[in-house]
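Now for the letters of each chain:
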Amino acid sequence: MGETIPFKNLHSREYTGHKKKVHSVAWNCSGTKLASGSVDQTARVWLIEPHGHGKVKDIELKGHADSVDQLCWDPKHADLIATASGDKTVRLWDVRSGKCSQQAELSGENINITYKPDGTHIAVGNRDDELTILDVRKFKPIHKRKFGYEVNEIAWNMTGEMFFLTTGNGTVEVLSYPSLRPLDTVMAHTAGCYCIAIDPMGRYFAVGSADSLVSLWDISEMLCVRTFMKLEWPVRTISFNYSGTYIASASEDLFIDISNVQTGRMVHQIPCRAAMNSVEWNPKYNLLAYAGDDKNKYQADEGVFRIFGFENA
């Protein structure tokens with residue numbers, strides 16, 4: 001099962017550029033670029049050398065009129081990225097030019113965005129619990145649905161035939177795709193489910209909840225395999241590493257938990273100075289990007305994120 005990471009020989013690097021706090025970090029499909037979305041209304045794209053050498057170049061994606069709350073890369077194209085903002089728009093960018101190539105005006109403040117694994121559709125969730133599916137080529141909505149419950153995070157499975165919604169009722173709603181017909185309701189937690197991650201091997205999905213637990217589910221059986229219990233605050237963000245061996249989870253606890261997926265045991269903690277908003281493993285290397293509510297000594301937002309996994313020199 002996967003590899004063993006020499007955690008104690010690794011350290012984090014800090015990346016500064018945003019003027020306000022970073023809400024979201026995401027890696028492109030080749031694992032060479034990291035995007036960060038911030039309250040300062042911009043996204044930035046950073047060229048990351050996996051072994052940590054060299055000066056880091058970054059470009060700014062400007063155009064949104066409100067916080068960039070989430071972003072996601074085209075799963076098939078290493079230079080295309082979609083951003084979702086509180087300004088009610090979703091934008092598609094080509095990071096080679098830094099220009100916005102497509103824009104869609106939606107009906108609410110967007111807080112969630114995810115690509116279908118084949119790159120053809122984008123799903124967007126807003127504060128009013130409304131789901132919009134966009135056709136990527138035309139960049140037009142092909143589906144809209146409002147739910148009668150709190151929808152927190154959304155995800156497709158690896159084949160794109162199932163669509164997951166985590167809800168404020170402690171459930172994961174499983175819909176078939178593209179019909180969006182209900183397939184299953186997974187009673188996952190006793191409190192709201194905030195975040196979901198799909199194992200890159202396609203075997204499991206993991207759910208982080210307000211009850212401070214992370215549950216791991218077998219996708220074919222829809223059964224809970226194990227629970228991770230290291231955090232003490234509502235779980236805000238979770239991510240599997242590329243081999244599916246490790247899962248990272250974070251909250252308002254002042255550390256990121258890294259646990260072994262098969263044994264359930266904690267293997268490492270990364271100390272943090274603030275509550276975390278986003279953790280994401282690189283799709284090719286054992287590098288974990290993370291961003292949170294960091295403040296400087298004057299209690300102003302620090303627009304930083306960090307990457308853990310560089311070898312100690």
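Owing to the predicted nature of the structure, the values given are computational and were not obtained by experimental measurement.

Trainee: Would you explain the overall build of the chain in this entry?
Mentor: The secondary structure content of the chain amounts to zero helices and 28 strands. The C-alpha radius of gyration computed for the chain amounts to 18 Å, which stays within 12% of the reference 20 Å derived for 313 residues, consistent with globular compactness. Taken along the three principal axes of its C-alpha coordinates, the chain extends 55 × 45 × 35 Å. Contacts in the chain between residues at least 24 apart in sequence constitute 44% of all its contacts with a sequence separation of at least 6. For the chain, the exposed surface amounts to about 13400 Å²; the carbon and sulfur share of it is 49%.

Trainee: Which parts of the structure should I look at to understand the pairing of strand E12 (residues 130-135)?
Mentor: Two faces belong to every sheet, and in a regular strand the side chains alternate between them. E12 sits mainly inside the fold: six of its six residues count as buried. Covered by surrounding structure in E12 are Glu130, Thr132 and Leu134 together with Leu131, Ile133 and Asp135, the residues of both alternating faces. Where strand E11 (residues 121-126) lies against E12, five bridges are found, and the strand directions are antiparallel. When the bridges of E12 are listed, glycine 125 appears paired with leucine 131. Where E11 folds back on E12, the antiparallel hairpin that results is connected by three residues, among which aspartate 129 adopts a positive phi of roughly 60°. Across six bridges, E12 lies against strand E13 (residues 140-146) in antiparallel orientation. Directly across from leucine 131, in E13, lies its bridge partner arginine 145.

Trainee: Any chance you could explain the UniProt feature "repeat: WD" (unreviewed entry) in the chain here in plain terms?
Mentor: As annotated by UniProt and renumbered to match this structure, "repeat: WD" (unreviewed entry) occupies residues 15-46, 61-103 and 186-227. With 0% helix and 62% strand, residues 15-46 has its two end C-alpha atoms placed 9 Å apart. With 0% helix and 57% strand, residues 186-227 has end C-alpha atoms that lie 15 Å from one another.

Trainee: Explanation requested: the sheet that holds strand E19 (residues 204-209) in the structure shown.
Mentor: Neighbouring strands of a sheet are bound in pairs by backbone hydrogen bonds; such pairs are parallel or else antiparallel. The antiparallel open sheet is built from four strands, whose spatial order is E18-E19-E20-E21. Each edge of the sheet is formed by a strand with only one pairing partner; in this case those strands are strand E18 (193-198) and strand E21 (223-228). The average angle at which neighbouring strand axes cross in this sheet is 25°, direction not considered. With five bridges connecting them, strand E20 (residues 214-218) and E21 associate as antiparallel partners. Each bridged residue has a counterpart across the sheet, and for aspartate 218 the counterpart in E21 is leucine 223.

Trainee: It is not clear to me how the environment of lysine 230 should be interpreted in this structure. Could you clarify?
Mentor: Looking at the element boundaries, lysine 230 is found in the loop between E21 and strand E22 (237-240). Sequence spacing of lysine 230 and isoleucine 247 is 17 residues, and the spatial spacing of their C-alpha atoms is 12 Å. Residues contacting lysine 230, with those up to four places away along its chain left out, are Phe255, Asp257 and Met266.

Trainee: Honestly, the packing of aromatic side chains in this entry has me stumped. Any pointers?
Mentor: Centre distance and the angle of the planes are the two values used to describe a pair of aromatic rings. One pass over the full model with this rule turns up eleven aromatic pairs. An angle of 35° between the planes, with centres 5.5 Å apart, marks the rings of phenylalanine 147 and tyrosine 149 as tilted. Taking the relative accessible area as the measure of exposure, phenylalanine 147 reaches 11% and is therefore buried. Residues phenylalanine 163 and tyrosine 177 carry aromatic rings whose centres are separated by 6.4 Å and whose planes lie at 40° to one another, so their mutual orientation is tilted. With a gap of 14 residues between them, phenylalanine 163 in strand E15 (residues 162-167) and tyrosine 177 in the loop between strand E16 (171-176) and strand E17 (182-187) connect regions that are remote in the sequence. Comparing phenylalanine 163 with tyrosine 177 shows no difference in burial state: the two are buried. Pairwise contacts between aromatic rings join Phe7, Tyr246 and Phe308 into one cluster. Residue placement shows arginine 13 over the ring face of phenylalanine 310; its charged tip is 5.0 Å from the ring centre.

Trainee: Help me out: how do you make sense of the sheet that holds strand E10 (residues 110-115) in this one?
Mentor: Sheet architecture is open: four strands sit in the order E10-E11-E12-E13, paired in antiparallel fashion. In the strand order of this sheet, the two ends are held by E10 and E13, each with one partner. Strand-to-strand twist across the sheet, computed as the mean angle between neighbouring axes with direction ignored, equals 20°.

Trainee: What is the right way to read the nonpolar core from this model?
Mentor: The tendency in soluble globular proteins is for nonpolar side chains to be buried side by side. Among the nonpolar cores identified, the biggest contains 16 residues, and Ile256, Ile258 and Leu288 are the most heavily contacted of them. For this core, the secondary-structure elements that each account for two or more residues are strand E23 (246-250), strand E24 (255-260), strand E26 (276-281) and strand E27 (288-292). Beyond its immediate stretch of four places on either side in the chain, isoleucine 256 contacts Ala248, Ser249, Ala250, His268, Gln269, Ile270, Cys272, Met276, Val279, Leu288 and Tyr290. Counting residues in each nonpolar core, the second largest holds 15 residues, with Met162, Ile196, Val207 and Trp217 among its members.

The rules we used
Residues numbered from 1 in each chain as written. Predicted model: local features only at pLDDT ≥ 70, side-chain atom pairs only at ≥ 80, totals over all residues. Heavy atoms only, no water. Helix = DSSP H or I, 4+ residues; strand = E, 2+ residues; numbered from the N terminus. Rg over C-alpha atoms; globule rule 2.2 N^0.38 Å. Contact = heavy atoms within 4.5 Å. Areas by Shrake-Rupley, 256 points an atom, 1.4 Å probe, with all protein chains shown as cover. Buried < 20%, exposed > 50% of the residue type's maximum accessible area, 1.4 Å probe, protein only. Pairing = 2+ DSSP bridges. UniProt positions renumbered as here; feature names shortened; annotations may be inferred. Axes fitted to C-alpha atoms, helices over the stretch in contact; angles between N-to-C directions. Phe/Tyr/Trp six-rings, centres within 6.5 Å; stacked < 30°, edge-to-face > 60°. Lys NZ or Arg CZ within 6 Å of the ring centre and 35° of its normal. Core = buried A, V, L, I, M, F, W, Y, C linked by side-chain atoms within 4.5 Å.

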